[in-house]
Amino acid sequence: MVHQNIKVAVDGVVFGYKDNILSVLLIKRDIPPFQEYWALPGGLVKEEESLEAAVERELKEETNVTIDYLEQLYSFGEVGRDPRNRVISITYFGLVKPEHYTIKADTDANDVQWFDIQELPALAFDHTTIIEAAKERLKNKLTYEPIGFDLLATKFLFSDLEKLYTTILEKKIDRRNFRKKILGFGILEELDEKVSEGRGRPANLFKFNKKQYFMLKEKGFLFDIK
């Protein structure tokens, strides 16, 4: 007979986007191990709760953030990843608009902060590996689902959308082809409202039509910008 003493935890990789910077939300641990290290928000799953409920609870308790977009990422269960016990972490990644939240540390976190994905501090456990996996999932998913709109304001300039894709994909895009393809999908509404872009003429704002996207998706529409 096999005897197990394995604990199940959840960790959340929360991405935000502001001022052309992709950021991840981290907490500073208030307890050993890795006390005073920055880490992903998360913790052990309670006996009576689902994995989704657990990660939502941990995010709310440790950061005061609730998620606009949340999906399961991967399971991390290397032996020794937690020096206290054998712990398997079911990880999730989510997208939020940072300006919509007042972040606040609580429970076993004594600080919480947004960090530029390109300038992360030393992290606890295997959280660097987890963040890299989440970043790759985000980059890939951005090319076949319109999740980027979850990181933008409700009304945005088309140039804001271009900058978001350039930032997350970490490469230049063909602006003319990108604009033609995105507008050709028929899921953006061009509004009558205009905003000045630097020295150029005022440009129209756009809005993502989520209802139209899901109607098209039911008919077999594929969002593909590769």
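Criteria and thresholds
- The numbering scheme is per chain: residues are counted from 1 as the chain's sequence reads.
- Totals for whole chains, interfaces and linings use all residues, but because this is a predicted model, local features are given only for residues with pLDDT of at least 70 and pairs of side-chain atoms are given and counted only at 80 or more.
- The side-chain numbers reported here are obtained from all heavy atoms of the structure, hydrogens and water having been left aside.
- Within this document, salt bridges are pairs made up of a side-chain nitrogen of Lys or Arg and a carboxyl oxygen of Asp or Glu, the two lying within 4 Å of each other.
- A run of H or I in DSSP becomes a helix once it reaches four residues, and a run of E becomes a strand once it reaches two; helices and strands are each numbered from the N terminus.
- Burial classes follow relative accessibility: with a 1.4 Å probe on protein chains only, a residue under 20% of its type's maximum area counts as buried, one over 50% as exposed, and anything between as partly exposed.
- Note on ring pairs: Phe, Tyr and Trp rings are taken, using the six-membered ring of Trp, and paired if centres are within 6.5 Å. Classes follow the plane angle, with under 30 degrees stacked, over 60 edge-to-face and the rest tilted.
- Here, any two strands with at least 2 DSSP bridges between them count as paired.
- Every axis corresponds to a line fitted to the C-alpha atoms, with the helix fit spanning only the stretch in contact, and the corresponding angles, defined between N-to-C directions, vary from 0 to 180 degrees.
- Nitrogen and oxygen atoms within 3.5 Å of one another constitute a polar contact, given that in protein one can donate a hydrogen and the other can accept it, and given that sequence-neighbouring residues count only through two side-chain atoms.
- In what follows, a contact means two residues having at least one pair of non-hydrogen atoms within 4.5 Å.
- Each angle receives one of four descriptions, namely roughly parallel if under 35 degrees, roughly antiparallel if over 145, roughly perpendicular if within 65 to 115, and oblique otherwise.
- Each crossing is labelled by how the near helix is turned from the far one, with a counterclockwise turn of less than a right angle marking it left-handed and a clockwise turn marking it right-handed.
- Following the grouping adopted for this structure description, the nonpolar residues are Ala, Val, Leu, Ile, Met, Phe, Trp, Tyr, Cys and Pro, the charged ones are Asp, Glu, Lys and Arg, and the polar ones are all others, Gly among them.
- We define the nonpolar core as a collection of buried residues of types Ala, Val, Leu, Ile, Met, Phe, Trp, Tyr and Cys that are connected through side-chain atoms lying within 4.5 Å of one another.

Caption draft 1: Spotlight on the pattern of salt bridges. In the structure shown here, the tally under the stated rule is 12 salt bridges. One salt bridge connects Arg81 with Asp126, and the closest N-O pair in it is separated by 2.8 Å. With Arg81 in the loop between strand S5 (69-76) and strand S6 (86-96) and Asp126 in the loop between strand S7 (109-116) and helix H2 (127-142), the pair connects residues that are 45 residues apart, well separated along the chain. An identical accessibility class is assigned to Arg81 and Asp126; each is buried. In this structure, a network of salt bridges that share partners links the residues Glu49, Arg57, Glu58 and Glu61.

Caption draft 2: Seen up close, the packing of aromatic side chains. Considering all chains together, one arrives at 15 aromatic pairs under this definition. Residues Phe185 and Phe223 carry aromatic rings whose centres are separated by 5.1 Å and whose planes lie at 45° to one another, so their mutual orientation is tilted. Here Phe223 lies in the segment after helix H5 (210-218) and Phe185 lies in the loop between helix H4 (175-184) and strand S9 (188-195), a separation of 38 residues in the sequence. Taking the relative accessible area as the measure of exposure, Phe185 reaches 14% and is therefore buried. A relative accessible area of 3% places Phe223 in the buried class. Every member of this aromatic cluster is reached through a ring pair, and the members are Phe149, Phe156, Phe185, Phe208, Tyr213, Phe214, Phe221 and Phe223.

Caption draft 3: Just the sheet that holds S9, in detail. Spatial ordering of the open sheet is given by S8-S10-S9, a layout of 3 strands whose pairing is antiparallel. In this open sheet, the two edge strands, each paired with only one partner strand, are strand S8 (155-157) and S9. When the angles between neighbouring strand axes are averaged without regard to direction, this sheet yields 40°. Taken together, the 5 bridges between S9 and strand S10 (residues 203-208) define a ladder with antiparallel strand orientation. Among the inter-strand pairings, Glu190 is bridged to a residue of S10, identified as Phe206.

Caption draft 4: Structural context of the side chain of Asn204. Relative to the assigned elements, Asn204 resides in strand S10. Residue classification places Asn204 among the buried positions, given a relative accessible area of 17%. Side-chain polar atoms of Asn204 contact the backbone oxygen of Leu191, separated by 2.5 Å. At a separation of 2.5 Å, a polar atom in the side chain of Asn204 contacts the side chain of Lys194. Look past the residues within four positions of Asn204 in its chain and what remains in contact with it is Phe156, Leu157, Glu190, Leu191, Asp192, Glu193 and Lys194.

Caption draft 5: The arrangement of the packing of helix H3 (residues 158-169) against H4 in detail. Viewed as axis vectors pointing N to C, H3 and H4 meet at an angle of 110°, and their least axial separation amounts to 11 Å. For the element pair H3 / H4, the angle class is roughly perpendicular. In this structure, H3 meets H4 at a crossing whose hand is right-handed. Mapping the contact onto sequence places Phe158, Leu161, Glu162 and Tyr165 in H3 and Arg175, Phe178, Arg179, Ile182 and Leu183 in H4. For the contact of H3 with H4, the residue count by class is 6 nonpolar, no polar and 3 charged.

Caption draft 6: Region of the structure containing the nonpolar core. Core analysis: the biggest nonpolar cluster contains 43 residues, and Phe15 and Leu161 have the highest contact counts within it. Secondary structure elements with two or more residues in this core: strand S1 (6-18), strand S2 (21-29), S5, S6, H2, H3, H4 and S10. With 6 residues, the single largest contributor to this core is H3. Val10, Val14, Tyr92 and Val96 belong to the second-largest nonpolar core, a separate cluster that totals 14 residues.

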